[in-house]
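Structural overview for review
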Amino acid sequence: MRVLDERTWRGLAAAHRARVGTWTGPHRERRRRGEAHPVLDFLFTYYSLRPARLEQWEPGLGVALRGGQERPGWVRDGDAVHLDPSALPGRLRGTTEFVRALLDATASRPARLGCFGLHEWAMVYRTDAPRHGAVPLRLGPAGTDAVVESLPVHCTHHDAFRFFADAARPRNALTPTREDQVANEQPGCLHATMDLYKWAYKLSPATPSDLLADCFALAVDVRELDMRASPYDLADLGYPPVRIETPAGRAEYARAQAGFADRAAPLRRRLIAVCDAVTAACPALPAR
């Protein structure tokens, strides 16, 4: 058990709140004004963790806090408190097993860098109801459809594929489902990289908040590329396009994609270590 004195852990908690407040604060302000953001809202709507929960600092398993207060799921040991593994929810065991298998399988595969973000284009292909209807398409509807028809569509991520327009679904090289997610996930996929944030909070409270924040920060950067390479014109919001309809734009996208895969790799390993710590600390979580 690693023990942190009160000054140290309170400083870590304050630094965590300040770090994630860079994003949660503006999000709250936009919500107060009733203002949508086509890029950043995704991180608080598609992903279900509430801003207040993201801001809450957690030390994770195996860390005790001197001078801390007991709370549900924590126990006191002398002058320190820590998370009690036996109090973790029973559903965490199944989550841990799935996440561990998914992350391990993803890490074992080479990154595929040839999708060029066409999933966002496929979501508006031959449809009159794009997901971000208030944002114009850079190339217009006909130009957008032409790009989808001119390039191979190879999306491996179920949660992106399920939003494809009906006309675009037959164009994808795969039909990824939830059931074959472990078999299909690969580290070049932007959505698989963003989902590291989801797996980090799904493993909560076992996940230390510095890892959660690292995954969130990466998801923010990946989401920006995701939408800059999309068919939407977001230049007025400060997102210059990555023109994947051109060879230069596709090369730019692939370079950025490879960089994100490199950044994601150590975070994936850290999440696997959290899974292993949960399994070791609570080999038989009670169901509840």
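Scroll up to find the structure.
Residues numbered from 1 in each chain as written. Predicted model: local features only at pLDDT ≥ 70, side-chain atom pairs only at ≥ 80, totals over all residues. Heavy atoms only, no water.

Regarding its fold elements, the protein chain presents eleven helices and four strands. The C-alpha radius of gyration computed for the protein chain amounts to 21 Å, which stays within 12% of the reference 19 Å derived for 288 residues, consistent with globular compactness. Across its three principal directions, the C-alpha atoms of the protein chain cover 70 × 40 × 35 Å. Of all 288 residues assigned to the protein chain, the portion counted as buried reaches 50%. (Helix = DSSP H or I, 4+ residues; strand = E, 2+ residues; numbered from the N terminus. Rg over C-alpha atoms; globule rule 2.2 N^0.38 Å. Buried < 20%, exposed > 50% of the residue type's maximum accessible area, 1.4 Å probe, protein only.)

Spatial strand order, β1-β2-β4-β3: four strands in an open sheet with mixed pairing. Only two strands of the sheet have a single partner each, and these edge strands are β1 (2-4) and β3 (74-77). Across this sheet, the average inter-strand angle for adjacent strands is 30 degrees, counted without regard to direction. With three bridges joining them, strand β2 (residues 63-66) and strand β4 (residues 80-83) adopt antiparallel strand pairing. By the bridge assignment for β4, L65 is matched with V81. (Pairing = 2+ DSSP bridges. Axes fitted to C-alpha atoms, helices over the stretch in contact; angles between N-to-C directions.)

Moving on, we come to helix α11 (residues 247-281). Compared with an ideal rise of 1.5 Å per residue, which puts 35 residues at 51 Å, α11 spans 50 Å between its outermost C-alpha atoms and is within 8% of the ideal. At A264, α11 is bent by approximately 30 degrees, the largest bend along its length, and proline P266 sits one to four residues beyond. (Expected span 1.5 Å × (residues − 1). Bend = angle between axes of the 7 residues up to and from the residue.)

Our focus in this paragraph is the environment of D166. Assignment of secondary structure puts D166 in the loop between α7 (158-161) and α8 (181-184). Using a relative accessible area of 68% as the deciding quantity, one classes D166 as exposed. In sequence terms D166 and L267 are 101 residues apart; their C-alpha atoms lie 35 Å from each other.

This next bit is on the pairing of β3. When β3 meets β4, the two strands line up antiparallel, connected through four bridges. Counterpart to V75 in the pairing with β4 is H82.

The subject of this paragraph is the packing of helix α10 (residues 209-228) against α11. The geometry of α10 relative to α11 is characterised by a closest axis approach of 11 Å and an angle of 160 degrees between their N-to-C directions. Looking at the two axes, α10 sits roughly antiparallel to α11. The way α10 lies across α11 gives a crossing that is left-handed. In this structure, α10 contributes D210, L211, D214, C215, A217, L218, D221, V222, L225 and R228 to the contact, and α11 contributes E252, Y253, A256, Q257, F260, R263, A264, L267, R270, L271 and V274. Partitioned by chemical class, the residues of the contact of α10 with α11 number 13 nonpolar, one polar and seven charged. (Parallel < 35°, antiparallel > 145°, perpendicular 65-115°, else oblique. Left-handed = near helix turned anticlockwise from the far one by under 90°. Contact = heavy atoms within 4.5 Å. Nonpolar A, V, L, I, M, F, W, Y, C, P; charged D, E, K, R; others polar.)

We now examine the nonpolar core. Counting 78 residues, the largest nonpolar core has L43, Y197, I244 and Y253 as the members making the most contacts within it. Tallying contributions element by element places α10 first for this core, with eleven residues. I244 has contacts with F116, L118, W121, V147, L151, A229, G249, R250 and Y253, leaving out every residue within four places of it along the chain. (Core = buried A, V, L, I, M, F, W, Y, C linked by side-chain atoms within 4.5 Å.)

Taken as a whole and judged by the stated rule, the model has 26 salt bridges. The partner of E97 in a salt bridge is R93, with the nearest N and O atoms 3.2 Å apart. In this pair, E97 and R93 are both assigned in helix α4 (residues 91-107), four residues apart and thus about one turn of the helix distant. For the salt bridge of D221 with R263, the shortest nitrogen-to-oxygen distance reads 3.1 Å. Here the residue D221 occupies a position in helix α10, and R263 occupies one in helix α11, the gap between them amounting to 42 residues. By sharing partners, the salt bridges in this structure join D159, R162, R178, D195 and K198 into a single network. (Salt bridge = Lys/Arg side-chain N within 4 Å of Asp/Glu carboxyl O.)

Here we come to the side chain of R138. Its location among the elements puts R138 in the loop between α5 (118-122) and α6 (140-150). Within the structure, the side chain of R138 is placed 2.9 Å from the side chain of E245, a separation counted as a polar contact. R138 has contacts with W121, S230, P231, Y232, D233, P241, V242, R243 and E245, leaving out every residue within four places of it along the chain. (Polar contact = N/O pair within 3.5 Å; in protein donor to acceptor, adjacent residues only side chain to side chain.)

Attention shifts here to the side chain of E120. Structurally, E120 can be placed in helix α5. Accessibility expressed as a relative area gives 2% for E120, which makes it buried. Apart from the residues lying within four places of it in its own chain, the contact partners of E120 are R223, D226, M227, S230, P231 and Y232.

Attention now goes to the environment of R112. With respect to the helices and strands, the residue R112 is situated in the loop between α4 and α5. Judged by its relative accessible area of 45%, R112 falls in the partly exposed class. With 97 residues separating them along the chain, R112 and S209 place their C-alpha atoms 30 Å apart. Among all residues touching R112, those that are not within four sequence positions of it are H154, T156, Q186, G188 and Q257.

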